[in-house]
Amino acid sequence: MIAQTLDIVTTAAILYAVATGLLLVFGVMKIINFAHGGLMTLGGYAALIATQAGLNPWLAIPLAALFGGVAGMAIERFVVRPLYARPLDAILATWGLSIIIGQVITLVFGRGVQFTQAPLEGTLDLFGESYSAYRLALVGIAAALGLALTALLQGTRLGLETRAVIMNEDLARGLGINSALVRFITFTLGSALAGVAGALITPLSSVDPNMGVPWLVNAFMLVLVSGASLASLLAACLVLGGAQVLVATHLSPVLGGLTIAVLAAVILRIRPQGFARD
Amino acid sequence: MTEARRLSLILAVALLALGAIFAGPYVLDTYSVNVLTRSLLYAAVALTVDLLWGYLGILTFGQSVFFACGAYAAGLVFTHMDFSEGNAVLALALGVGGALLVAAIVGWLAFWHGASALYASVITLVLPIVATQLLYSGGTFTGSSSGLSGFMSFDLSMEAWFWLAGSFLVAVTTLAYIVVQSDAGRLLVAVRENEQRCKYLGLDTSRLKILVYLACAVIGAIAGYIYAGYAMVVAPELAGFVFGTELVIWTALGGRGTLLGPVFGALIVDYESAQLAGDYPFVWQLIIGTLFVLVIIAFPRGLLPVLFDIPRKALGLVRKRPAAPPASVTLSTLDAAETQGEEVGDDGPALAVHGVARRFGSLNVLEAIDFEARAGELVSLVGPNGAGKTTLMRCIADGAERSAGTIVINGHDIGRKPPEACVALGVGRKFQMANVFETLTVAQCLQIARARHARPSLWRRARELPLPEAAMHVLATTGLDRQLSTPAHLLSHGMKQALELSMVLALEPRVLLLDEPTAGLTKTERMQIGAILIDLTKKQGLCVLLVEHDLDFVREISSRVIVLHQGRIVLDGSVEEVVASELVKQVYAGSGHAGIAHESGPSTAQEMPA
Amino acid sequence: MSLMRISRRRLLLAGTVAAGLLAGPALAADTITIGIPVGLSGANSVVAPSVVQSAELAVEEINAKGGILGKKVVLEVADDASGAAGAQKAFDSLIFQKKVDALISMETSAARNAGLPIVNRGKVPYIYTSFYEGRSCSPYMYVNAWVPDQQVAPIVDYFKDKGAKTYFLIGSDYAFGRGMLAFTKEYIEKTGGKIVGDEYAPMDATDWTAILSKVKAANPDAIITSTAGGAPNVTLTKQLRAAGIKSLYGNLAVDEGTAKSMGPDAEGIYIAGSYFTNIDTPANKAFLAAMEKKFGKEMKTPNDLSVPEYEAVYAYKAAVEKAGTTDAAKVIPALAEVTVDGPRGAITMNKQRHAPLTMYLGQVKGDGSVDIISTFKDVDPGEQCPKLK
């Protein structure tokens, strides 16, 4: 029971970390960034570089943010911006980019599976259950990410302008907000978060050119059911991530792998606003 | 060009293509015949991606699943039941049936009233992921990751398979070409262009999308069935996301919305990849990815149109393009006896609104709205901005809009019916901003407005367009009948308004909802519209509900005026009563800026700290 | 691969369509061409280079000693993208365009299955050199690698001797994973063990949380896994270690190279196979030295997938020499009769197109090398293709 609760909480935390960047981009730009998986992979390789350079494993996180952010800037400027008026095309183009990122990584680093050093090893005793220490740490990291983003959106001028663009872009522009700049910063931030997510999941898995792909669809579905709110994303991660763990444990892991996608599709069919309040 | 000549030209090209297919095995080496047989079948599936994405506007990542349906039906039946003629028919039936079932489920999920394009795309993205996972978990039944092979199949030569695959591709391409060029095919473009307008023209766009989706599923399944018979192997990657997106790449590179572009895109890229992917496995992917991104950004129409444009531009330097082509459609007035509009209910009100309310969260935009209007009445709805006028219109035209109350049209309760069903009851709605199909011509816009009454042909283009007298009247008065071949986006603002009005009138409505039909029009145009409206109510017996800010205009044409203020009816009476009312003056004075800006829906912007 | 060449190929993209349709390379009659369809990209791309190197070494050695029947041997490598669609293209290209005399390759089961109908049409001998889930049969195909019947027994018998009574099986949901574990389950139950859990995750899954929680709850004496290669296998091992599970751990899908790259997490894993670099025979030492000499720093560690490729080239040579011709109808029966004495020992593919093999049980040490614990001579592949001799 305790093990299962911990599974659910840690799974939700990982999903939350993976989906926040996507959510931010979706909220402001109304496009699903298909390159998110590719950017996560980039973050994973940033962590690999950190390991190979013998840096402190925690430094992988800012390095991954840097990698993701720089790539994000280039993508926004040269691919997403020209396609502002064609959202479906922007989706396709970002997906094409994910192919490019994957192939470039393959050419540079090779196809092989590689490993990074985990910042935390071993298990921790919690409520009489010994549980993977790193997974538990991820709950804290995801919470910190969520709180930092909330603070950024609620407490700064940039956050205010971002929220204005999310609510009504035309009106925000009318009020003198430079929405192009907001979009640029958001995409960069979203991409940096994707890189961070990539670095965060590497200690649990491995680094390979396709590592981001399996996360992509689940992250999409979570963002779609959450609208553009960090709070409803948290709810979606807990509910759908919890459902995934329960189905995987009690029915079959294969069905568990499909749970988030299928459940989210049905939820959206029945309640188009998903977990958002209205 | 006459209709018969146009169709025989298409058939002649198709025959030529068949000839080329027939000659194929004689001029190509065995290797190319083998590779191209598969490419021809993939091209048929790419064609369905183009129909859905290029024509209907549904970006789909999941067409691979239908291909796999047909292929796996053959693989499963031939593996587990042995090959026989009877089983071959059974397998085809199962494949097509399975594809239809899957398509129906996806259609239900993705194409309901109000589903966004993004949502539909994401559903088609989930589809191949689910399908692949199910195939993997099928154990020895589906062969899991290894797929099924070693089954017997039709005993045909390699050449015969090439001919079969080629003829199938030529057949479906020709058929698809004829359909998209027909009157019915134009509906697809109309839905892509402006789905909302289609719904308010009484077209069940969800049903149309599902029908096209089902047809595409069948094409995919048959292609998959032929593939399995030829390749004698089926594998989960046939259903996969990678194949699904490859189809999108081929379509994008070739040129979406051209049919031939995706077909050649699929043939060339797939054939080339057989050559080059072997030599440069990773670089080849990189090239395709880069090319894809470049095409999406720089040549969204794909490469085929670019190729065609080069000679056209070169010729254009020499020869001036002819002026607008002569009208290909002749208008005629529909015999009054043949009009099929909703019968006027016996003596009852044409429109009855009882206790209607509309709330957004805690905000009451409309509250306790009660009124009735008879046929032949022209009721004007006035009130300051934010009074709820447009919201009320929306509630009458779409059963899902209101939060409470009943609305009865010609004696029929609209219940929770979607806009297209309200149109069937006799509602016609003209939007505040001119809402037409920008890329279509005037005649085509009108044809689409008539599609509800005159089922459009799947292969022909109508030369005649009978319209109800009211619509003809508007066209003649405004002179639009002389601009039938002009694309709508080239029309002036006033002309667009007139076009939309005639489109709505072509529906033969009994209750006409007009949201500021004169906004932005010149004085003369305004007078014309006024005269038409009076004519419609007096002679045609329509019930007209008009939202209007120009009180002078209202005074001239209305038979009755309803004043809305803060979501409630504050006055319902004759023109004289309203003009004399002190209350109305206060309402307008209080709001400060009567009749200037457009009314907009409740905006979340108010909650935003500025 | 030079960029110049690539960009030239790009320019020629359109041209090659036409050229490809007309040209078929004319091959001189004094060479024998062996086609190698292999997953240069996709899931197998990690191991594929080692496979190609093995084949290159074999061909170089053979040509240095005068070739086969006095003819020079030429290799044609084609990428099958580790899947069915790519394999169809690769097989088509090798058989009908390059007109190879034989196919020898290590591939995924999906790629092999997709290629077999094309092999049937082209009627060329095909030696499949990858271990697989078993029971794939074609009149043109021989297999010189292991099947479940040969690999499972060493591990399970060893665990039994160590006192294991309860077993938990974990696999990826694909043909190999299911095939291996179905056989394992049957074998464990036959020999008196008890299965306390039997779980499969999606093939690309890298999150094993739910399954590992069940493993902890069941607390088995031993765990046997058979996942997809690469990331799933590695993530399972890492997460299993991170969860603090201490049961005996037998991995049916890990090879020496992967184990080495996993570092300390791999320590203690039991693996069984027909080849480890530590095999102490003169033939293996000579082979490793030759590899080292030919490829130097570029050498990919030889493994259980690449060594059979090396031996299969020699098997084909022996069969052609026995038949006195490259005629497929004569070479195919000869393949069952010839014996190759290679790094894995003396091997004859005489058991229903499969080969009895000497199997080794090993345990991964802290430094990533494999300690060979015991050797099982000539393990029989069992009933694989009863319809074929």
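Remember, it's a predicted structure, so these values are computed and weren't measured experimentally.

Basis of the calculations
- Residues numbered from 1 in each chain as written.
- Chains lettered and ligands numbered in written order.
- Predicted model: local features only at pLDDT ≥ 70, side-chain atom pairs only at ≥ 80, totals over all residues.
- Heavy atoms only, no water.
- Contact = heavy atoms within 4.5 Å.
- Buried area = accessible area lost by both parts, 1.4 Å probe.
- Salt bridge = Lys/Arg side-chain N within 4 Å of Asp/Glu carboxyl O.
- Polar contact = N/O pair within 3.5 Å; in protein donor to acceptor, adjacent residues only side chain to side chain.
- Helix = DSSP H or I, 4+ residues; strand = E, 2+ residues; numbered from the N terminus.
- Nonpolar A, V, L, I, M, F, W, Y, C, P; charged D, E, K, R; others polar.
- Pairing = 2+ DSSP bridges.
- Axes fitted to C-alpha atoms, helices over the stretch in contact; angles between N-to-C directions.
- Phe/Tyr/Trp six-rings, centres within 6.5 Å; stacked < 30°, edge-to-face > 60°.
- Buried < 20%, exposed > 50% of the residue type's maximum accessible area, 1.4 Å probe, protein only.
- Lys NZ or Arg CZ within 6 Å of the ring centre and 35° of its normal.
- Parallel < 35°, antiparallel > 145°, perpendicular 65-115°, else oblique.
- Left-handed = near helix turned anticlockwise from the far one by under 90°.
- UniProt positions renumbered as here; feature names shortened; annotations may be inferred.
- Expected span 1.5 Å × (residues − 1).
- pLDDT = per-residue confidence, 0-100.

**Student:** So what about the interface of chain A and chain C? Which residues, and what values?
**Tutor:** Where interface size is quoted, it is often the accessible area lost as the parts come together. Listed as interface residues are 27 residues of chain A and, on the opposing side, 29 residues of chain C. Among the residues of chain A in contact with chain C, Arg 111, Phe 115 and Pro 253 of chain A are the three that bury the most area, contributing 27% of the side total. For the pair chain A and chain C, the interface holds 1 salt bridge. A salt bridge links Asp 207 of chain C to Arg 135 of chain A; its shortest N-O distance comes to 3.7 Å. Summed over the shared surface of chain A and chain C, the number is 4 residue pairs in polar contact (both at pLDDT 80 or more). Elements that contribute at least two residues to the side of chain A that touches chain C include exactly strand S2 (129–132), helix H9 (213–226), helix H10 (230–250) and helix H11 (253–270) of chain A. Within the side of chain A that touches chain C, the residues separate by chemical class into 11 nonpolar, 12 polar and 4 charged.

**Student:** Give me the lowdown on the sheet that holds strand S13 (residues 560–565) of chain B, citing residues and values where you can.
**Tutor:** All names here are of chain B. Here we have 6 strands laid out as an open sheet, ordered S9-S11-S12-S6-S13-S14, and mixed in their pairing. Each edge of the sheet is formed by a strand with only one pairing partner; in this case those strands are strand S9 (427–430) and strand S14 (568–573). Taking each pair of neighbouring strands and ignoring which way they run, the sheet shows an average axis angle of 15 degrees. With 4 bridges joining them, strand S6 (residues 378–382) and strand S12 (residues 543–547) adopt parallel strand pairing. Counterpart to Val 379 in the pairing with S12 is Leu 545. Along the sheet face, helix H15 (residues 389–397) touches S6, S9, strand S11 (511–515), S12 and S13 and points at about 150 degrees away from the line of S11. Against the sheet, helix H19 (residues 493–505) makes contact with S9 and S11, and its axis sits at roughly 170 degrees relative to S9, the strand it touches most.

**Student:** Go over the packing of aromatic side chains, please, and point to the residues and values.
**Tutor:** All told, the structure shown has 39 aromatic pairs over all chains when counted by the stated rule. Summarising the aromatic geometry, the rings of Trp 112 of chain B and Tyr 119 of chain B are spaced 6.2 Å apart at their centres and angled 75 degrees between planes, so their arrangement reads as edge-to-face. The class of Trp 112 of chain B is buried, set by a relative accessible area of 16%. A centroid spacing of 5.1 Å and a plane angle of 90 degrees characterise the contact between Tyr 200 of chain B and Phe 431 of chain B, whose relative ring orientation is edge-to-face. Taken together, the positions of Tyr 200 of chain B in helix H9 (residues 195–200) and Phe 431 of chain B in the loop between S9 and helix H17 (442–450) put the pair 231 residues apart, joining distant regions of the chain. The class for Phe 431 of chain B is buried, based on a relative accessible area of 7%. Counting every residue linked through ring pairs, the aromatic cluster contains Phe 78, Phe 83, Phe 151, Phe 154, Trp 161, Tyr 225 and Tyr 230 of chain B. The ring of Tyr 128 of chain C carries the charged tip of Arg 112 of chain C above its face, separated from the ring centre by 4.8 Å.

**Student:** Which residues make up the packing of helix H1 (residues 3–27) of chain B against helix H7 (residues 158–181) of chain B, and what values go with them?
**Tutor:** Residue and element names in this part refer to chain B. Taken N-terminus to C-terminus, the directions of H1 and H7 make an angle of 165 degrees; their axes are 9 Å apart at the nearest point. Classified by the interaxial angle, the pair formed by H1 and H7 is roughly antiparallel. Here H1 runs over H7; the crossing is right-handed. Seen from H1, the contacting residues are Arg 6, Leu 7, Ile 10, Leu 11, Ala 14, Ala 17, Leu 18, Ile 21, Phe 22, Gly 24, Pro 25 and Tyr 26; seen from H7, they are Glu 159, Phe 162, Trp 163, Gly 166, Ser 167, Val 170, Thr 174, Tyr 177, Ile 178 and Gln 181. Counted by class, the contact of H1 with H7 contains 15 nonpolar, 5 polar and 2 charged residues.

**Student:** Account for the UniProt feature "transmembrane region" (unreviewed entry) in chain A, with residues named and values stated.
**Tutor:** Residue and element names in this part refer to chain A. This chain's UniProt record puts "transmembrane region" (unreviewed entry) on residues 6–27, 59–80, 92–113, 133–153, 180–201, 213–239 and 251–270. Summarising residues 59–80: 95% helix, 0% strand, and an end-to-end C-alpha distance of 30 Å. A helix fraction of 89% and a strand fraction of 0% characterise residues 213–239, whose end C-alpha atoms lie 22 Å from each other.

**Student:** Tell me about H9 of chain A, and name the residues and values.
**Tutor:** Along its 14 residues, H9 of chain A runs 21 Å from first to last C-alpha, staying within 8% of the 20 Å computed at 1.5 Å per residue. All of the buried residues along H9 of chain A are Trp 215, Leu 216, Val 217, Asn 218, Ala 219, Phe 220, Met 221, Leu 222, Val 223, Leu 224, Val 225 and Ser 226 of chain A. Buried positions along H9 of chain A lie against helix H1 (2–29), helix H2 (36–52), helix H8 (179–201), H10 and H11 of chain A together with helix H5 (117–136) of chain B. Gly 227 of chain A sits one or two positions beyond H9 of chain A and adopts a positive phi of about 65 degrees.

**Student:** Kindly report on the confidence of the model for chain B, identifying the contributing residues and their values.
**Tutor:** Looking at chain B as a whole, its pLDDT mean stands at 86, while 92% of the residues score no less than 70. Note on residues 592–610 of chain B: pLDDT is under 50 here. Beyond four places in sequence and across chains, it has 27 contacts.

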